[in-house]
Structure formats: C-alpha cells, structure tokens
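Spelled out, the chains give:
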There are 2 protein chains.
Amino acid sequence: MPEVTHNPVTPLPRGSGIREVARLAGVSIATVSRVFNDAELVNPETRQRVLERAATLGYEPSSLGRNLVRGRSDLLGLIVPNVSFPLYGEMISGIEDVLGQRGMSVLLASSHDEAASELLAAQHLLRHTVDGGIVVNSQFDAALPAPRSMNWIYVSPEHVKFPNRVELDNGAGGRLAARELLRVGRRHLAYIGAPGRESQDRERGFTDELCQAGLSYRRAGGDYSELSGTWAAEELLDNGAALDAIFVAGDLMAAGVLRALHRRGLRMPEDVAVVGFDDSPLAALLYPRLTSIRQPAYAMGAAAAELSLRLIAGLSAEAESVVFLPELVRRESTGPP
Amino acid sequence: MPEVTHNPVTPLPRGSGIREVARLAGVSIATVSRVFNDAELVNPETRQRVLERAATLGYEPSSLGRNLVRGRSDLLGLIVPNVSFPLYGEMISGIEDVLGQRGMSVLLASSHDEAASELLAAQHLLRHTVDGGIVVNSQFDAALPAPRSMNWIYVSPEHVKFPNRVELDNGAGGRLAARELLRVGRRHLAYIGAPGRESQDRERGFTDELCQAGLSYRRAGGDYSELSGTWAAEELLDNGAALDAIFVAGDLMAAGVLRALHRRGLRMPEDVAVVGFDDSPLAALLYPRLTSIRQPAYAMGAAAAELSLRLIAGLSAEAESVVFLPELVRRESTGPP
DNA sequence: TTGTATGCGTTATCAC
DNA sequence: GTGATAACGCATACAA
C-alpha cells in the first residue's frame, strides 16, 4: 500500500447543525430529525416552523452524522478500466441513473486495465466505506477485498468463479456477425481477434455458424488497438487467398481494418464487408459507417447497479448473475449506404 | 426537488471497530487511533502489536467516524455534461490522478447539459458533504449552491462572473486553425460554428488571422452534432462559391463534414482541407485523419483538481483562474498522409 | 509514550 | 407528538 499524503487537517467550517435549528424553532433536536425523516409523525404546524427556520439557516442534515449512525454511506464504488472509453461511459450513465433514483452516488476509480492499480482503487474505495461496488472488466485474478458484508459486482465474463456477475453473451455476438456476413453473400471470411476470453467466445460463436454453413475461415490477431487492426488486416490481405469479409473483435480495431482496406483501394462493402464489435459511438462515425455487434452498455450498467442495490438491501444474499444478449446494428460496411 | 426513494434502512453489519483492536492489543483506543494517524508519536513495539491485531481483524479506520470528527469527507464532487464524451473522460482522468495522490476520491454526477439536472446533481453532491466541487461546462446561469465554505471550480469560459475558473483560450485556437489553413495555401475558407460563447471565441480568433491576411470567409452553423456538420458543409458547397478549406468548431461535427465531402467525391486535403477542434480521440480515427486544435483536457482536469485542493486546504482564499493554450495537431486532413 | 474524557451531527429507543 | 438520551466510530486536548 503506497504512502498517501494526507491533507493538512484544516477542519472545514461547519455549517449550522440540527441543534441550532432546534433552538430557533423551540423544539428538540429529535423533532427536527423527525421532520427530515419520517415527516408524518410530526405535527404539521411544528413541521412548518422547523422547515422555515431550517431554510433561513440554510440547514441540511449532514450526511456525515447520518451515515455514522446508520452505518451506511449511500456511496457505491465503481472501478472502470478507463473513463475515456465511450462504452464505459455509457455503462456509468446506466449505473448513475439507477443510483440517482435511490439517492445514492457513484464513487469513481480507474484501474487502467492493470491488476495492481485495480487493487489500489478497490482499497481506495473501501476506505470511503462504500456500501457496495461494481468492477468493470476486472483484471485482478483473485476476489477483490471486501470487508464486512460489502459485495463486488463483476461486469465481465472472466470471473465465473465469483458469484455476482453481469455479462454479455459473446458467443451469440459471434453468431450474429457470421449470419450477417453470410446473409450478404460472403464466402471467404476472416476473424481478427485479441487475447482474452471475450475474443475467444466471440470467435467460437462465429465458428459455430460457419461450420454449419460448411465454410472455413482465416484468422489474425491484434490487441484491440487501431494499429493492430491495420496490421492484422494487412497480414490477411498479403496472404493472397480470397477474402470478402472480416469480423473484428472490437470497433477500435475495426477502424484500423477500414484504414488498411482504404489503402489498398478496396471498396466496402462491395469488395470486403466488415463487422465490428461493441457498437461504440465510434462505429457510426467511421467511413464507411461500421456494422457492429451492439453491447447494451447502458442496460448492463443499470443491471449491475440494481444487483448491487439488492445485495446492499440484503434482499438477495443469493448469488445472482445476469447475461445480456448482443444485437446486430446494420450499417454501410455490410450493406448499401 | 424530486422525491428520492430512500433505501430501506437495513443497517450494514458493522466491521470490527477501533475498540476491538484496542482490546486485543491491550491498549486504549486513543493509541490505536494514533497508530493510524501520527505514526511517530507511538512506541514502535506498541505500534507493531496494534498493527498486527488490526491486520488479523481486517480492521481499517472507518472514514465515517473519521470524517465526522474532522468535518471533511475527502470527497470531491464532479459534474460533467456526459460521461460518454471522451474529452470529458480525459478530464476526469486528470482530476482522478491528482486527487488519488491526496487520498481523495471523485464523486460523480452528470448534468446532461441541462441547467435543471445540473442543479439537481449539485444538490446530490452537497448532500454527501463533498469538500469541494468541479463543474464542467456549466449551463446553470447562477452560481451553484455552496453551503459553508465549499467552493465550485468552473471548467468553461462562460462564467466570467465566478471567481474560480479553468478555461481554454479559444481565440488562440481559432488563430492556430487559420494559420494552418493559410500555411497549406488555402484562400477560400469557411467556418462552421455552433451556439455559445466557445464557438464565438474560436471564430473571432479565426477571423483576426484572416483579416490580417486580407481574406474574407464564409460561415455556416451547426450544433456540434455529426449530422449538423454534414448539413452545414452541404450548405456551403451548394452555395457554389469557391471553397478549399473548412474550420469546424468541434471534432464530432467535423466527422459530419468529412462525410459530406466524401459524398461529393471531393478529395481531402487536395480539394478541401479540414481542421477540427478538441482533438478528441475520434479525430485520429476519422478518414482522413483529422487535423485538430487540441484541448489539453487531462491537464485542465488536473489543474481544476489542484485549484480545488488549494481552496479546500484554505491556502488561497483568493480567486484564481487558469487559462490553457490549445495546440495544433497536424494530420492528413490538412497535409500529406 | 499512553490513557481518559469529550465532542463531532445524526438517528433511534425510550419515556412522557 | 414530543423530549431526553444513548449510541455510532473516531480524533484529540488534556492529564498522567
């Protein structure tokens, strides 16, 4: 655990508390508390008077005190690999929207896709006593630390060993891609994958569908980056064998594939059709617009948040997992503009 | 203020507290507290013993109690229009990295570029007693509520009336764009803008530079969306007058411009050169790769965080603002591939 | 160097 | 309906 430079202890000027409101309204602090919680239990007149004084003082119940006595912080920890990645942004929106309705907030931390900083992030969040946590695309090979009855929700397929997961049916995605490419009459297909279980599953689905059609395919590998997509595509093209369709494991890598095809003067989709994966906002901005397998990131985030909320409420101590189905989003790279 | 359904009050099972550690280590809770704070003031042996017991119990000081007594939460509120926008993602990274070093965390909320939900988000964050706050691209026309001595940092140029700002010199960006287009020999320029002060400033810089060169320019308007870029570009092209360069107020809108030019069979940069703004990750993925005016989002986020930290520490009660200079990032859309 | 005692702002359990 | 008062987990002034 690294040394954390703690800020100089300049206690913040405290606002007016429940006591001052009580004094001004001529009631006890207990009554003030009730006004802000179980509003029904208090005399309307008293209630009114308290509310007025509170307003003039600018008083709001401090969550600090409230949290202490309730033993919960109304905070949910969230670890994502990278905030700049639009897909994760959508996920965060889903989480946020669900939490907002319950008066809870998102405490954010980034893992940069590294196990070490993921652990650091988790400890960071734990120190703030989050009530629950969601970790997206965890790289940490063990369970994240979770004191008390705190629970982590894993959004990724890699952690079959952990109980609470939200995942995408990547195999189904691969099948969708294959069917689309067959539908537009392609027979010489290729897959550009990347390391990791997700790509494996996508490829397996892709393969299954091709087998059924009695077709073989070629393959090349990248690392989800644009450049690696370009290289992989060039490798396939240089090989010389016929090629009229490419399924790529990620949209960013697909952007690289499009670039390689542009360079060779190949037309899309006439000469080569391309299907990407994720349907990140990027897909619709590429040239040509990229047909992609949509990962319902917002819904997955929302589901993760709801799962976490249920766990926090103690409603389901049971392990629970949700599997989402991807969808084909058809665009120019496999069809007419 | 909308009704917020508060979660059923299932107090979380509490972990072992400072008392239990103290008992097991045979010391007082004060000593345990000291071990976790001013480590020097305590006997090495005692310290060791306490640390051991704490470890076996899995004890960590609860931030709930600590925050209450210190009157600070070590939380910084952050309001962004939209987490899915990569530029804001970079900003968040900058903020996060600065805060992480001080043991503070980011409490996230989205404004969706609406004044109403921005206010809601602010109240949401305030309820969690954040020590400070950063609001990116605020749409709220008054100052955000700020009880006690809490401060908001505004990251945007619209709020000259508020004291603490981090902003970009948009005028300088416009000048950079004009100079680049003149450098590559263009004489028939156009600007595609959008509502708001940012676009105005960018245009003014652009204009200044053109005036100096004795050139006039044409203009069209959009709303930062891709589609509006396409429309604006088509409007300019339909006009019939000569056109060999377009400066666009945002990268997303520039993507739409590129699409319009593709449709007309115009080559870039040979027929028309294009410069975007922001240099979001998207810029380098477009076809052709887009020359853009870089907004140093990471650095701006970091600066905002540092400013906020200084305010929280009470080091500078003074108003402070930081202005960043944009940079030209030259790519295919204005030069050779 | 360590222990005792107080208070931080709130909710909750009793009485009344 | 309302008021005392005891927690909640911790940091710290003061005493030892």
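Check the entry above for the structure.
Cut-offs applied
Residues numbered from 1 in each chain as written. Chains lettered and ligands numbered in written order. Predicted model: local features only at pLDDT ≥ 70, side-chain atom pairs only at ≥ 80, totals over all residues. Heavy atoms only, no water. Least-squares fit on C-alpha atoms with pLDDT ≥ 70 in both. Contact = heavy atoms within 4.5 Å. 1 Å grid on protein atoms, 1.4 Å probe; cavity = no way out; pocket = protein on both sides within 12 Å on 5 of 7 lines; lining within 4 Å. Points joined across faces, edges and corners; volume = space filled by probe spheres on them. Helix = DSSP H or I, 4+ residues; strand = E, 2+ residues; numbered from the N terminus. Nonpolar A, V, L, I, M, F, W, Y, C, P; charged D, E, K, R; others polar. Near = heavy atom within 4 Å. Polar contact = N/O pair within 3.5 Å; in protein donor to acceptor, adjacent residues only side chain to side chain. Buried area = accessible area lost by both parts, 1.4 Å probe. Salt bridge = Lys/Arg side-chain N within 4 Å of Asp/Glu carboxyl O. Pairing = 2+ DSSP bridges. Buried < 20%, exposed > 50% of the residue type's maximum accessible area, 1.4 Å probe, protein only. Expected span 1.5 Å × (residues − 1).

Participant: So what's going on with the relation of the copies chain A and chain B? Which residues, and what values?
Facilitator: Of the transformation superimposing chain A on chain B, the axial component is 0.0 Å and the angular component is 180 degrees, with the fit at an RMSD of 0.1 Å. Accordingly, the operation relating the two chain copies is best matched by a two-fold axis. Measuring from the rotation axis to each C-alpha of chain A, the shortest distance belongs to Leu107(A), at 2.4 Å. With an isologous cut-off of 70% or more, the 100% of interface residues of chain A that recur at the interface of chain B puts this contact in the isologous class.

Participant: Please set out empty space enclosed by the protein residue by residue, giving values where relevant.
Facilitator: Enumeration according to the criterion identifies 6 cavities of 30 Å³ or more in this entry. Considering only enclosed or pocket space, the largest cavity measures out at about 110 Å³ in volume. As for the largest cavity, its lining consists of 14 residues, of which Leu64(A), Asn67(A), Leu75(A), Asn67(B) and Leu75(B) are closest to the centre. Of all the secondary structure elements, the ones that give two or more residues to the lining of the largest cavity are α4 (63–70) of chain A together with α4 (63–70) of chain B. Its residues assigned to classes, the lining of the largest cavity shows 4 nonpolar, 10 polar and no charged.

Participant: An account of the protein's contact with DNA strand C is needed here, citing residue identities and associated values.
Facilitator: Around DNA strand C, a shell composed of 27 residues is seen, among which Ile18(A), Ser33(A), Thr31(B), Asn43(B) and Thr46(B) lie nearest. The contact atoms of DNA strand C, taken as those within 4 Å of the protein, divide so that sugar and phosphate hold 61%. A distance of 2.8 Å is found between a phosphate oxygen of DNA strand C and a side-chain nitrogen or oxygen belonging to Tyr59(A). A distance of 3.5 Å is found between a base nitrogen of DNA strand C and a backbone nitrogen or oxygen belonging to Gly65(A). Counting residues per element, the ones that place at least two in the surface near DNA strand C are α1 (18–25), α2 (29–36) and α4 of chain A together with α2 (29–36) and α4 of chain B. Residues belonging to the surface near DNA strand C are distributed by class as follows: 12 nonpolar, 10 polar and 5 charged.

Participant: Report on the interface of chain A and chain B, specifying residues and quantitative values.
Facilitator: With 69 residues of chain A at the interface, the matching set in chain B holds 69 residues. Here chain A packs against chain B, burying approximately 6400 Å² in sum over the two surfaces, 54% of which is carbon and sulfur. Inspection of the region where chain A meets chain B yields 5 salt bridges. Among the salt bridges present, the one from Glu332(B) reaches Arg259(A), with a minimum N-O distance of 4.0 Å. For the side of chain A that touches chain B, the secondary structure elements donating two or more residues are α4, α5 (86–101), β2 (105–110), α6 (115–127) and α10 (251–263) of chain A. Counting residues per element, the side of chain A that touches chain B draws most heavily on α5(A), at 9 residues. Of the residues in the side of chain A that touches chain B, the class split is 27 nonpolar, 25 polar and 17 charged. Here 3 bridges tie β2(A) to strand β2 (residues 105–110) of chain B, and the two strands are oriented antiparallel to one another. Looking at β2(B), one finds that Leu108(A) is bridged to Val106(B).

Participant: An account of the environment of Gly222(A) is needed here, citing residue identities and associated values.
Facilitator: Residues and elements named next belong to chain A. Here glycine 222 is to be found in the loop between β7 (217–221) and α9 (226–238). With 30 residues separating them in the primary sequence, glycine 222 and isoleucine 192 have C-alpha atoms 6.8 Å apart. Not counting residues within four places of it along the chain, the set of residues in contact with glycine 222 comprises Ile192, Gly193, Ala194, Pro195, Ser228 and Met253.

Participant: Which residues make up the pattern of salt bridges, and what values do they have?
Facilitator: All names here are of chain A. The tally for this structure, following the rule as stated, stands at 43 salt bridges over all chains. A salt bridge links arginine 70 to aspartate 74; its shortest N-O distance comes to 3.4 Å. Of the two residues, arginine 70 and aspartate 74, neither departs from the other in class, the shared state being buried. For the salt bridge of arginine 267 with aspartate 271, the shortest nitrogen-to-oxygen distance reads 3.1 Å. Each member of the salt-bridge network shares a partner with another, and the members are Arg70, Arg72, Asp74 and Asp131.

Participant: Mind laying out α6(A), listing which residues take part and the relevant values?
Facilitator: If you check α6(A), its first and last C-alpha atoms are 18 Å apart, about what 13 residues at 1.5 Å a residue would give, namely 18 Å. Listed in full, the buried residues belonging to α6(A) are Ser117(A), Glu118(A), Ala121(A), Ala122(A), Gln123(A), His124(A), Leu125(A) and Leu126(A). Buried residues belonging to α6(A) abut β1 (75–80), β2, β3 (132–136) and β4 (152–155) of chain A together with α5 (86–101) and β2 of chain B. Thr129(A) sits one or two positions beyond α6(A) and adopts a positive phi of about 45 degrees.

Participant: Can you explain the pairing of strand β10 (residues 291–294) of chain A? Please cite residues and give values.
Facilitator: All names here are of chain A. Where strand β9 (residues 273–278) and β10 come together, 4 bridges link them in parallel fashion. Following the sheet pairing, valine 275 is matched in β10 by threonine 291. Of the strand pairs in this sheet, β10 and strand β12 (residues 327–329) are connected by 3 bridges, and their pairing is antiparallel. Pairing of arginine 294 across the sheet is with glutamate 327, part of β12.

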